[in-house]
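Here is how the chains run, residue by residue.
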Amino acid sequence: MDETLKRSLKAYLRHLQLLGMEDIPCRGDVPMDPERELQRLAEEVRRCRCCPLHQTRKNPVPGEGNPRALLVFVGEAPGADEDLQGRPFVGRAGELLTRIIKAMGLERQQVYITNILKCRPPQNRNPRPDEIRACIPFLWRQLEIIRPKLICALGTFAAQTLLETREKITRLRGRFHPWRGALLMPTYHPAFLLRNPQYKRDVWEDMKMVMAEYQKLTGQGRR
Ligand code: SF4
């Protein structure tokens, strides 16, 4: 088992312990129902008090979309609109993401959308390392359940967290990174694009690469 996987497993088990779980159910050969598993995970997120953000959130935002999505978008954290509605990417940045997804020839319901943090940091400040450490096991589990072939990391925090690097997003974007059997494309966050529309072309170049891979996968008849 490689070191990254060992660390993820250790963090996940510690996380379950903090949530009060004492036994790990063994599924044996019973096939997993991704929809049900994601619902269970969302309930755990709603009960979670593993970091101080539970004190200031209005609603946790576990994520939404197709439980068997080929493509998962991972952002940074919920903002004010998401916190109010309990849904990811529903504010202005969310509208832009929805337009990007449509421009790719897809609908929001076909992909899965989530964040590194499931609760809003006050005043939309940057996620803190202890908050990321506390929350990241939820994302690892979502990705284990959905098993996407393509992941799009939106913005610095998502890209750096998923790739375990401090490299800048400007150097990470524009190419696929192998990620546990999937391909990961880092790109700019839609909120950044709202402030800096001159980078939209870069994002579109990144998305064209994602679309090409997506079409190859669907051409193979999977999902
Ligand atoms: S941000 Fe994550 S770890 Fe912190 S309380 Fe919310 S769900 Fe739990």
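Calculation criteria
- Residues numbered from 1 in each chain as written.
- Predicted model: local features only at pLDDT ≥ 70, side-chain atom pairs only at ≥ 80, totals over all residues.
- Heavy atoms only, no water.
- Disulfide = S-S within 2.5 Å.
- Helix = DSSP H or I, 4+ residues; strand = E, 2+ residues; numbered from the N terminus.
- Buried < 20%, exposed > 50% of the residue type's maximum accessible area, 1.4 Å probe, protein only.
- Pairing = 2+ DSSP bridges.
- Contact = heavy atoms within 4.5 Å.
- Axes fitted to C-alpha atoms, helices over the stretch in contact; angles between N-to-C directions.
- Salt bridge = Lys/Arg side-chain N within 4 Å of Asp/Glu carboxyl O.
- Near = heavy atom within 4 Å.
- Nonpolar A, V, L, I, M, F, W, Y, C, P; charged D, E, K, R; others polar.

A. Summary view of the state of the cysteines. In this structure the tally under the stated criterion is zero disulfides. Cysteine Cys-50 remains unbridged, with the sulfur of Cys-48 as its closest cysteine sulfur at 3.6 Å.

B. Focus on unusual backbone geometry. At Gln-123, a position not held by glycine, the phi torsion is positive, near 55 degrees. With respect to the helices and strands, the residue Gln-123 is situated in the loop between β3 (112–115) and α5 (129–146). Positive phi, normally seen in glycine, also occurs at Asn-124, with a value near 55 degrees. Note on placement: Asn-124 falls in the loop between β3 and α5. A relative accessible area of 44% places Asn-124 in the partly exposed class.

C. Quick peek at the sheet that holds strand β5 (residues 177–179). One open sheet accounts for six strands, arranged β1-β3-β2-β4-β6-β5; its pairing is mixed. Each edge of the sheet is formed by a strand with only one pairing partner; in this case those strands are β1 (64–65) and β5. Judged from the four bridges that link them, strand β2 (residues 71–75) and β3 form a sheet pairing that is parallel. Its bridge partner being in β3, Phe-73 is matched across the sheet by Ile-113. Against the sheet, helix α6 (residues 156–163) makes contact with β2, β4 (150–154), β5 and β6 (182–187), and its axis sits at roughly 130 degrees relative to β4, the strand it touches most.

D. Focus on the pattern of salt bridges. For the structure on display, the rule yields ten salt bridges. A cluster of three or more residues bridged by salt bridges with shared partners is formed by Glu-64, Arg-87 and Arg-108.

E. Region of the structure containing the site of the ligand. Around the ligand, the surrounding shell consists of Cys-48, Cys-50, Cys-51, Leu-53, His-54, Arg-57, Lys-118, Cys-119, Ala-134, Cys-135 and Phe-138. Each residue belonging to the shell around the ligand can be placed in one class, and the counts come to eight nonpolar, one polar and two charged.

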